[in-house]
Amino acid sequence: AVREFNLGETTAEEFLVLWKALFAEIVATPGSIQLLDGFDELYTHARACGMKVAVASSSDGPGLKLKLTNGVVANSQAISDLDAFDAILSND
């Protein structure tokens with residue numbers, strides 16, 4: 001990305017730190033991440049069928065929990081906290 005967007009002397013490591021900081025700022029507010037259409041219906045149906053529900057992501061743990069809290073939990077009518085998932089798996 002550094003070369004592609006001609007960011008000059010910025011290292012890949014500096015770019016990653018800056019990108020993570022800006023992204024965290026953008027998603028810091030509850031409701032700032034839109035819930036995907038159909039989540040509540042799928043979650044409710046899976047639970048009604050006795051299925052376990054988990055989240056797996058390549059995001060780091062704190063980032064994933066922030067995204068889930070300010071996206072799914074903040075916008076869902078079916079769940080009210082992260083304990084609604086049987087497992088949350090991150091890259092760490």
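Residues numbered from 1 in each chain as written. Predicted model: local features only at pLDDT ≥ 70, side-chain atom pairs only at ≥ 80, totals over all residues. Heavy atoms only, no water.

K.L.:
Go over the pattern of salt bridges, please, and point to the residues and values.
P.N.:
Overall, the coordinates contain 2 salt bridges when judged by the stated rule. Residue K20 is joined to D60 by a salt bridge in which the shortest nitrogen-to-oxygen separation is 3.7 Å. With K20 in helix 1 (residues 12–26) and D60 in the loop between strand 1 (54–56) and helix 3 (61–75), this residue pair connects regions lying 40 residues apart in the sequence. D60 gets classed as partly exposed once you look at its relative accessible area, which sits at 24%. D86 is the salt-bridge partner of R47, the closest N and O atoms lying 2.7 Å from each other. (Salt bridge = Lys/Arg side-chain N within 4 Å of Asp/Glu carboxyl O. Helix = DSSP H or I, 4+ residues; strand = E, 2+ residues; numbered from the N terminus. Buried < 20%, exposed > 50% of the residue type's maximum accessible area, 1.4 Å probe, protein only.)

K.L.:
How would you explain the packing of aromatic side chains if you had to name every residue and give the values?
P.N.:
Evaluation of the coordinates by the stated rule reveals 4 aromatic pairs. Ring geometry for W19 against F23: centres 5.4 Å apart, planes inclined by 10°, an arrangement best described as stacked. Of this pair, W19 and F23 are both found in helix 1, 4 residues apart, which corresponds to roughly one turn of the helix. W19 sits in the partly exposed class, given a relative accessible area of 46%. Centre to centre, the rings of Y43 and F85 are 6.3 Å apart; their planes meet at 80°, and the pair counts as edge-to-face. Of this pair, Y43 sits in helix 2 (residues 39–48) while F85 sits in the loop between helix 3 and strand 2 (87–89), and the two are 42 residues apart along the sequence. On the accessibility criterion, Y43 (10% relative accessible area) is buried. Members of the aromatic cluster, joined through ring pairs, are F39, Y43 and F85. (Phe/Tyr/Trp six-rings, centres within 6.5 Å; stacked < 30°, edge-to-face > 60°.)

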